Amino acid sequence: ALNINNIDAVIFELAEHFIAANDKKKILKYVPSAGMRAKDEFAYENAEKYFRIVRNVMPGIVKKDNYGQWIDLLETHGMIMTFIGMSEDAISTFNETLPHITDIKRKAQIYSMLSKAYLQKGDFINCELQVKKGLGILGENLPVAKLPVYIRTLKEFLIHVLHSLV
């Protein structure tokens, strides 16, 4: 018999069973947990697979009461895709997620992940643009002129030297 208190022990088996049975309601109940568990165990390829399956099932079922869960899933899936080098898919997912995020810190974190995905692609212009957007919503700005950058770098270097002398 299944011990309801020890569902974690069999979460992957449950997920695989309901995926094979194409039981959409049970997929939505168990597969996200399997994806999170795989992510927590650093099995990112498996986590990506589980989240992709849920994303394929969920759009037809998303309602107002589980819309936040859908946005959370998109964000986590984008992060996992960034970790495993699926930068194009991650960028698309983050861009789909951003309009629905209202929390400033969370939005800045997504811009940070977007910049990583663009960096993986070698798209340095969009990488920098995402960093600027993320810092901008936090009230920070990247220096544009070279002189202030040199002055700040020199200042930090001098502070470092002074600390090393003490």
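Since the structure is predicted, the reported quantities are computational estimates derived from the model, not experimental observations.

K.L.:
Can you break down the pattern of salt bridges residue by residue, with the values?
P.N.:
It is possible for side chains of opposite charge to pair when their charged atoms get near one another. Throughout the structure, instances matching the rule amount to nine salt bridges. Where E48 meets R52, a salt bridge forms, and the shortest distance between an N and an O atom there is 3.1 Å. Taken together, the positions of E48 and R52, both in helix α3 (residues 44–57) and four residues apart, correspond to about one turn of that helix. Residue R52 is classed as partly exposed on the basis of its relative accessible area, which comes to 38%. Ionic pairing is found between E88 and K121, a salt bridge with its closest N-O pair at 2.7 Å. Remark: K121 occurs in helix α6 (residues 104–121) and E88 occurs in helix α5 (residues 87–97); sequence separation between them is 33 residues. Connected through shared salt-bridge partners, D72, E75 and R106 make up one network.

K.L.:
Just give me the short version of the packing of aromatic side chains, but keep the residues and values in it.
P.N.:
The final tally for this structure, using the stated rule, is four aromatic pairs. Between F18 and Y30, the aromatic rings sit 5.4 Å apart at their centres with planes inclined by 15°, giving stacked as the arrangement. Here the residue F18 occupies a position in helix α1 (residues 11–21), and Y30 occupies one in helix α2 (residues 24–40), the gap between them amounting to 12 residues. Across the pair, exposure class does not vary: F18 and Y30 are buried alike. These aromatic residues form a ring-pair network of at least three members: F42, Y44 and F83.

Conventions adopted
Residues numbered from 1 in each chain as written. Predicted model: local features only at pLDDT ≥ 70, side-chain atom pairs only at ≥ 80, totals over all residues. Heavy atoms only, no water. Salt bridge = Lys/Arg side-chain N within 4 Å of Asp/Glu carboxyl O. Helix = DSSP H or I, 4+ residues; strand = E, 2+ residues; numbered from the N terminus. Buried < 20%, exposed > 50% of the residue type's maximum accessible area, 1.4 Å probe, protein only. Phe/Tyr/Trp six-rings, centres within 6.5 Å; stacked < 30°, edge-to-face > 60°.

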